[in-house]
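Per-entry structural report
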Amino acid sequence: MSQTLQTQSGKQLWVLVSSLKENTKQEDLDRITPPVSNLVDEWHSQGKFVWSGPLDNNKSGMAVFEATKEEAHHMLEQNKKVTSDVLDSYLYQWEALPFLSVLN
């Protein structure tokens, strides 16, 4: 039986994975960068952390953050509001991605 990894605060670690949609232009990325930065800044201003960055293929990225299930889904929805025309985004619990277990 798998147990959910919980942090000391009782929250879980989540992974938000995003990939560029076909035919995405640099202007599209330039347009969504400020609102995505605002989401991260808002998250940080509440004392929460987000680790994020691009993956090696230059077409996808990943963000790791600590949250309750409700907070994580809210973050996903906020992200999709500003990026859904440019990015496909998916939310996973940390343990749902087997390659991440080596980091644990």
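Rules used throughout
Residues numbered from 1 in each chain as written. Predicted model: local features only at pLDDT ≥ 70, side-chain atom pairs only at ≥ 80, totals over all residues. Heavy atoms only, no water. Phe/Tyr/Trp six-rings, centres within 6.5 Å; stacked < 30°, edge-to-face > 60°. Helix = DSSP H or I, 4+ residues; strand = E, 2+ residues; numbered from the N terminus. Pairing = 2+ DSSP bridges. Buried < 20%, exposed > 50% of the residue type's maximum accessible area, 1.4 Å probe, protein only. Polar contact = N/O pair within 3.5 Å; in protein donor to acceptor, adjacent residues only side chain to side chain. Contact = heavy atoms within 4.5 Å.

1. Overview of the packing of aromatic side chains
Enumeration over the complete set of coordinates arrives at two aromatic pairs. Where Trp43 meets Phe65, the ring centres are 5.5 Å apart and the plane angle is 85 degrees; that geometry is what we call edge-to-face. One end of the pair, Trp43, is in helix 1 (residues 26–45); the other, Phe65, is in strand 3 (residues 60–67), with 22 residues separating them in the sequence. Geometrically, the ring pair formed by Phe49 and Trp51 is tilted, given 4.8 Å between the ring centres and 45 degrees between the ring planes.

2. What to know about the pairing of strand 2 (residues 50–54)
Pairing of strand 2 with strand 3 involves five bridges; the strand directions are antiparallel. Paired with Pro54 across the bridge in strand 3 is Gly61. Between strand 2 and strand 3, which pair antiparallel one after the other, the connecting turn spans five residues, and Asn58 there sits at a positive phi close to 60 degrees.

3. Comments concerning the side chain of Ser18
Structurally, Ser18 is set in strand 1 (residues 12–20). For Ser18, a relative accessible area of 12% gives the class buried. Engagement of the side chain of Ser18 in a polar contact is seen with the side chain of Ser89, the distance being 2.8 Å. Each residue touching Ser18, except ones within four places of it in the same chain, is listed here: Lys59, Ser60, Gly61, Asn79, Leu87, Asp88 and Ser89.

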